[in-house]
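Spelled out, the chains give:
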Amino acid sequence: MAHNLARKADGSAAMFSLKEKPWHGLGTILDKAIDDSEVLEMAGLNWSVDLEPVYQGISRPVMDSLDEYVTSFEEVDQFRFVKRSDTQQILGMVNRSFKVVQNQSMVDLFRGLAGVDHELIWETAGCLGNGEIIFGLVKIPDLMIRIGKDETIPYLLFSNGHIGNMMTNVCPTLIRVVCNNTLSAAEEDACRRRRRGGRNATNGYRLRHTQNIDQRLKEIQAVYGNSLKAIEHTKSALEIMASKTLTDELFRQIVAKSWTATDDAAEESTDEPIAITKDESERSRAMKVARETKRLEDLGKILASETCQVEGTKGTVFSALQSITQFIDHERPTQQRRAISDQAARFESAQFGNGAQIKNRAFKAALEAAGVL
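All values derive from a computational prediction rather than experimental measurement.

A. How the structure looks around the overall build of the protein chain. Regarding its fold elements, the protein chain presents 11 helices and 11 strands. The proportion of buried residues among the 373 residues of the protein chain is 46%. Considering only contacts within the protein chain whose residues lie at least 6 apart along the sequence, 60% involve residues at least 24 apart.

Here it is, written out as structure tokens:
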């Protein structure tokens, strides 16, 4: 399945999106906001997970017989199966010390963060695979950022892996209105501040599935108040970027710092013909130059397009950052090693893989260019 979305019992994709149509065109598109009580059903998350014992079949020869065996089943004490309550499907196997986080915990956490004083709008939620990974994104209108006429809306992201494949993640993040997949700015800002100040409510949390995770989730409900500080911190950095004039040389520097040789390997080579020489190092250098030239041209076109020519931010370092974000999220060439579409490969890379790393480096490079770092 290219989009990797799970399916509900009726065959529809296990996801909803408020008003905006996802790139894959699937899931339930809502025309108005829904209450907390409706979230799990609309997202296909109205189920829980249970831990079941794992048994191993052991065959032993029957006494006084050369060719007869009897099989007995013994519990494997160190592992447990993770089973969906609705379909009874085994999602995976975890260590016996693994502590599950139920889907309902996501709803409870976000409502606890917002309390009764702040509006909480569920933007999207769903699950991937067979339910191994769940996610939810809520919008907090009180934290909207406007720079010139470029509008940025802060969200809180929750994601969780049910089979030990992902830690529970709760973090403040930013998504630009014209690019709903853009998560990198606040995430990189949070990562940078975690490196300096450690993991805390302001910087977001990643929690291991240990026995005290329920208590930890209750404790980090305080992240909402602290996320106000995180958004303000990021807003200040973005405003400085929007005040710094972008030159051609500065644009090239930001792009150069955003990509590495490893990133080049993750992209398709250019279609431009390159003469093969006897010296493979020459050929490698020629291919590298061709890729970099083509990339810079593509980014330049985006920079000159309507999405980066917004009043109040055009011609600034901020617009350079947005051009790279748009390229990674929507236009970057990809190499698929699995039977998935270009869009799906690009989405996975932009949010969880190599593309996310490029956006993080781009954010840091833009901060440096603006004199913030």
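Alright, that's what it looks like, and here's the rest.
B. Local environment of the pattern of salt bridges. Inspection of the entire model under this criterion finds 15 salt bridges. Of the charged contacts in the structure, one is a salt bridge between R80 and D77, with a shortest N-O distance of 3.9 Å. Accessibility expressed as a relative area gives 38% for D77, which makes it partly exposed. Residue K257 is joined to E368 by a salt bridge in which the shortest nitrogen-to-oxygen separation is 3.2 Å. Remark: E368 occurs in helix α11 (residues 354-369) and K257 occurs in helix α6 (residues 248-258); sequence separation between them is 111 residues. Look at the salt bridges and you will find they share partners, linking E75, D77, R80 and R96 into a network.

C. Geometry of the packing of α6 against helix α9 (residues 317-331). Axis separation between α6 and α9 bottoms out at 10 Å; the angle between their running directions is 40°. As far as their axial angle goes, α9 and α6 are oblique. Between α6 and α9 the crossing geometry is right-handed. Here L250, F251, I254, V255 and S258 of α6 come into contact with α9, specifically with V317, A320, S323 and I324. Split into classes, the residues belonging to the contact of α6 with α9 amount to seven nonpolar, two polar and no charged.

D. Structural detail: the nonpolar core. If you look at the biggest cluster of nonpolar residues, it comprises 40 residues, and the most contacted ones within it are F16, L45, F110, W122 and F158. With six residues, the single largest contributor to this core is helix α2 (residues 103-114). Discounting chain neighbours no more than four positions away, the residues touching F110 are L120, W122, G136, V138, L156, L157 and F158. In terms of nonpolar packing, the next biggest core, distinct from the first, is built from 32 residues, M241, A350, I358 and A365 among them.

E. Molecular detail of a nonpolar patch on the surface. Together, I240, V372 and L373 line one region of the surface with nonpolar side chains, adding up to about 200 Å² of accessible area. With relative accessibility at 31%, the residue V372 sits in the partly exposed group.

F. Broad picture of the packing of aromatic side chains. Summed over all chains, the structure comprises three aromatic pairs. Measuring from centroid to centroid gives 5.4 Å for F110 and W122, while their planes differ by 70°, and the two rings are edge-to-face. Of this pair, F110 sits in helix α2 while W122 is found in strand β6 (residues 121-128), placing the two residues 12 residues apart along the sequence. Pair check on accessibility: F110 and W122 agree, each one buried. Three or more aromatic residues link up through ring pairs in this structure, and these residues are F110, W122 and F158. The side chain of R84 reaches across the aromatic face of W47, ending 4.0 Å from its centre.

G. Structural context of the pairing of strand β7 (residues 133-139). With respect to burial, β7 is a largely interior element, six of its seven residues being buried. Where β6 and β7 come together, seven bridges link them in antiparallel fashion. Bridged to C127 within β7 is I134. Taking the residues that link successive antiparallel strands as the turn, the β6-β7 hairpin has four residues, and the phi of G129 there is positive, at about 65°.

H. Geometry of the side chain of T124. Relative to the elements of secondary structure, T124 occurs in strand β6. What makes T124 buried here is its relative accessible area of 12%. There is a polar contact of 2.8 Å between the side chain of T124 and the backbone oxygen of F16. Residue contacts for T124: discarding those within four places in its chain leaves M15, F16, S17, F135, G136 and L137.

I. Representation of unusual backbone geometry. At Q88, a residue that is not glycine, the phi angle is positive and equals roughly 65°. The residue Q88 is located in the loop between β4 (69-84) and β5 (90-95) in this model.

J. Representation of the pairing of strand β1 (residues 15-18). Because side chains alternate across β1, one face comprises the buried residues M15 and S17, and the other comprises F16 and L18, equally buried. Relative to β6, β1 is paired through three bridges, and the arrangement is antiparallel. Residue M15 lies in a different strand from β6, and its bridge partner there is G126. Sheet topology places β1 next to strand β2 (residues 28-30); three bridges connect them, and they run parallel. Residue S17 lies in a different strand from β2, and its bridge partner there is I29.

Rules used throughout
- Residues numbered from 1 in each chain as written.
- Predicted model: local features only at pLDDT ≥ 70, side-chain atom pairs only at ≥ 80, totals over all residues.
- Heavy atoms only, no water.
- Helix = DSSP H or I, 4+ residues; strand = E, 2+ residues; numbered from the N terminus.
- Buried < 20%, exposed > 50% of the residue type's maximum accessible area, 1.4 Å probe, protein only.
- Contact = heavy atoms within 4.5 Å.
- Salt bridge = Lys/Arg side-chain N within 4 Å of Asp/Glu carboxyl O.
- Axes fitted to C-alpha atoms, helices over the stretch in contact; angles between N-to-C directions.
- Parallel < 35°, antiparallel > 145°, perpendicular 65-115°, else oblique.
- Left-handed = near helix turned anticlockwise from the far one by under 90°.
- Nonpolar A, V, L, I, M, F, W, Y, C, P; charged D, E, K, R; others polar.
- Core = buried A, V, L, I, M, F, W, Y, C linked by side-chain atoms within 4.5 Å.
- Patch = residues over 30% accessible without salt bridge, like charges linked within 9 Å, V, L, I, M, F, W, Y side chains within 5 Å.
- Areas by Shrake-Rupley, 256 points an atom, 1.4 Å probe, with all protein chains shown as cover.
- Phe/Tyr/Trp six-rings, centres within 6.5 Å; stacked < 30°, edge-to-face > 60°.
- Lys NZ or Arg CZ within 6 Å of the ring centre and 35° of its normal.
- Pairing = 2+ DSSP bridges.
- Polar contact = N/O pair within 3.5 Å; in protein donor to acceptor, adjacent residues only side chain to side chain.

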